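# Tertiary structure, described
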Amino acid sequence: MRRTPRVAAIHDLSGFGRCSLTVVMPVLSAMGVQCCPLPTAYLSTHTGGFAGNTFLDMTDALAGAMDHWRQLDLTFEAVYTGFMGSTRQMALSAAFIRDMQEKGSVAVVDPVMGDHGKLYRTYTPEMCQAMALLADAADVIVPNYTEAAQLLGLPYADVTAAPPEDTVRRLSKDGGRSVVLTGVSLRPGRIGAACFDRRDGSVSVVQTDFVGRAFHGTGDLFASVLTGAIVQGASLKEAARRAAEFVRLCAAHTAPQDLPPREGIDFEPMLGALATWKGADLEGIFQQE
Ligand code: PXL
């Protein structure tokens, strides 16, 4: 019997606010994937909407844990990275990715830097450059429009105005990496992602209903489901469909509660649905646009 797929997850641990490892770990576990965390930092809360959060940098511990895993000769179906606390963490992550790729890992890099046209307040221009280098090591990147603009060195307004099909091709760096651009809306009331699959050069857009509000942590939720589906063997487009549909389900559950957006998307009660989904369950939910 094939062993349970494993993912090495390099993200911060934010105690309150539903993002990064507090999303990544339960989502992957619910999908039947072993999540092995490599925490980059411990924060009391995420940095979006809470003032005065604590920040414990864990870069030295990260380097030590990576070395220990190398000594143990561990292998992972995927290495999945997100929010980073320093340029050194990004360099360590890129080196770890390259070592694990030699042993068969797929590298999914969510180049977390900002949202809604603005960088998160801890990100400096040097960190954005280092994130672009980390993204160069990836097999799959999962940027939103803000991050796509950073990676392409273009104004946010230009990237949001461009056809998403062109943007994912440009982000692929001549087809060298797959791309899932999030927050793509082809028409009002619809939202989803544009995908460039480097395996066959195909470009596709998946769309689902937009549940009228934005919540913190939806990017982490989307990228976690995407990563889980990829290691389960789904195609990139199918993985993006599952991710978009799960985010929609959780947003529909969260919106009527009227929680402060900084508390994040209330995904925990929906994990059961994620655990039992099979690819076929989603047929009919999506229309090709
Ligand atoms: O959701 C991305 C994210 C992850 N981790 C931390 C953050 C953010 C976004 O604000 O602050 C600590």
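Whatever comes next refers back to the structure up there.
My aim in this report is to walk through the structure given alongside it, one point at a time. (Residues numbered from 1 in each chain as written. Predicted model: local features only at pLDDT ≥ 70, side-chain atom pairs only at ≥ 80, totals over all residues. Heavy atoms only, no water.)

## Quick look at the pattern of salt bridges
Under the convention used in this document: A side-chain nitrogen of Lys or Arg and a carboxyl oxygen of Asp or Glu constitute a salt bridge if their distance falls within 4 Å. A run of H or I in DSSP counts as a helix once it spans at least four residues, and a run of E counts as a strand once it spans at least two, with each numbered from the N terminus. Using a 1.4 Å probe on the protein chains alone, a residue whose accessible area is under 20% of its type maximum counts as buried, one over 50% counts as exposed, and one in between counts as partly exposed.
This structure, assessed with the given rule, holds 16 salt bridges. A salt bridge links Arg 169 to Asp 166; the nearest nitrogen and oxygen atoms lie 3.9 Å apart. With Arg 169 and Asp 166 both in helix H7 (residues 164-171), this residue pair falls three residues apart, about one helical turn. When its relative accessible area of 43% is taken as the criterion, Arg 169 is described as partly exposed. A salt bridge links Arg 241 to Glu 238; its shortest N-O distance comes to 3.8 Å. Linking Arg 241 with Glu 238, this pair stays in helix H9 (residues 236-254), spanning three residues, or about one helical turn. Connected via shared salt-bridge partners are Arg 18, Asp 266 and Glu 268.

## Overview of the nonpolar core
Condition: For this analysis, a nonpolar core means a set of buried residues of the types Ala, Val, Leu, Ile, Met, Phe, Trp, Tyr and Cys, connected via side-chain atoms within 4.5 Å. We call two residues in contact when some of their heavy atoms are within 4.5 Å.
Core analysis: the biggest nonpolar cluster contains 46 residues, and Val 27, Val 180, Leu 221, Phe 222, Leu 226, Phe 246 and Leu 274 have the highest contact counts within it. Where this core is concerned, the elements lending two or more residues are strand S1 (6-16), helix H1 (21-30), strand S4 (78-81), strand S10 (190-197), helix H8 (218-231), H9 and helix H10 (271-276). In terms of residue count, the dominant contributor to this core is H9 (10 residues). Ignoring any residue separated from it by four or fewer positions in sequence, one finds Leu 226 in contact with Val 140, Val 142, Val 180, Leu 236, Ala 239, Ala 240 and Ala 243. Ala 107, Met 127, Ala 138 and Leu 181 belong to the second largest nonpolar core, which has 45 residues in total.

## A short note on the packing of aromatic side chains
Any aromatic ring pair is given by two values, namely how distant the centres are and how the planes are angled relative to each other. Going by this rule: Whether two aromatic rings pair depends on their centres lying within 6.5 Å, for rings of Phe, Tyr and Trp, where Trp uses its six-membered ring; planes under 30 degrees apart make the pair stacked, over 60 edge-to-face, and the rest tilted.
What the rule picks out here adds up to five aromatic pairs. A ring pair is formed by Phe 16 and Phe 50, whose centres lie 5.9 Å apart and whose planes are at 80°; its orientation type is edge-to-face. In this pair, Phe 16 is assigned in strand S1 and Phe 50 in the loop between strand S2 (34-45) and strand S3 (55-57), connecting sequence segments 34 residues apart. The exposure class of Phe 50 is buried, given its relative accessible area of 10%. Ring pairs connect the aromatic residues Trp 69, Phe 76 and Phe 96, which therefore count as one cluster.

## A word on the layout of surface pockets
The condition is simple: A 1.4 Å probe that fits into a set of points on a 1 Å grid over the protein atoms alone but cannot get out defines a cavity; an open set with protein on both sides within 12 Å along at least five of seven lines defines a pocket, and lining residues are those with an atom within 4 Å of a point. Grid points are joined across faces, edges and corners, and a volume is the space filled by probe spheres set on the points. Throughout, the ten residues Ala, Val, Leu, Ile, Met, Phe, Trp, Tyr, Cys and Pro are labelled nonpolar, Asp, Glu, Lys and Arg are labelled charged, and all others, Gly among them, are labelled polar.
Looking at the largest pocket, its volume works out to about 1200 Å³. Listing elements by their share of the lining of the largest pocket, those giving two or more residues are S1, strand S7 (118-119), helix H5 (145-152), strand S9 (178-184), S10, strand S11 (202-209), H8 and H9. Ranked by residues supplied to the lining of the largest pocket, first place goes to H8 with five residues. Tallied by class, residues from the lining of the largest pocket come to 20 nonpolar, 18 polar and 12 charged.

## Observations concerning the pairing of S10
Our working definition: Pairing between two strands is assigned when DSSP locates at least 2 bridges connecting them.
Taking burial as the measure, the eight residues of S10 include seven buried ones, the bulk of the element. Direction of pairing for S9 relative to S10: antiparallel, over a ladder of five bridges. For Thr 182, the partnering residue across the bridge sits in S10 and is Ala 193. Following S9, the chain reverses through five residues before pairing antiparallel with S10; Gly 189 in that reversal takes a positive phi of roughly 85°. Where S10 lies against S11, eight bridges are found, and the strand directions are antiparallel. Across the sheet, Phe 196 pairs through a bridge with Val 203, a residue of S11. Taking the residues that link successive antiparallel strands as the turn, the S10-S11 hairpin has four residues, and the phi of Gly 201 there is positive, at about 75°.

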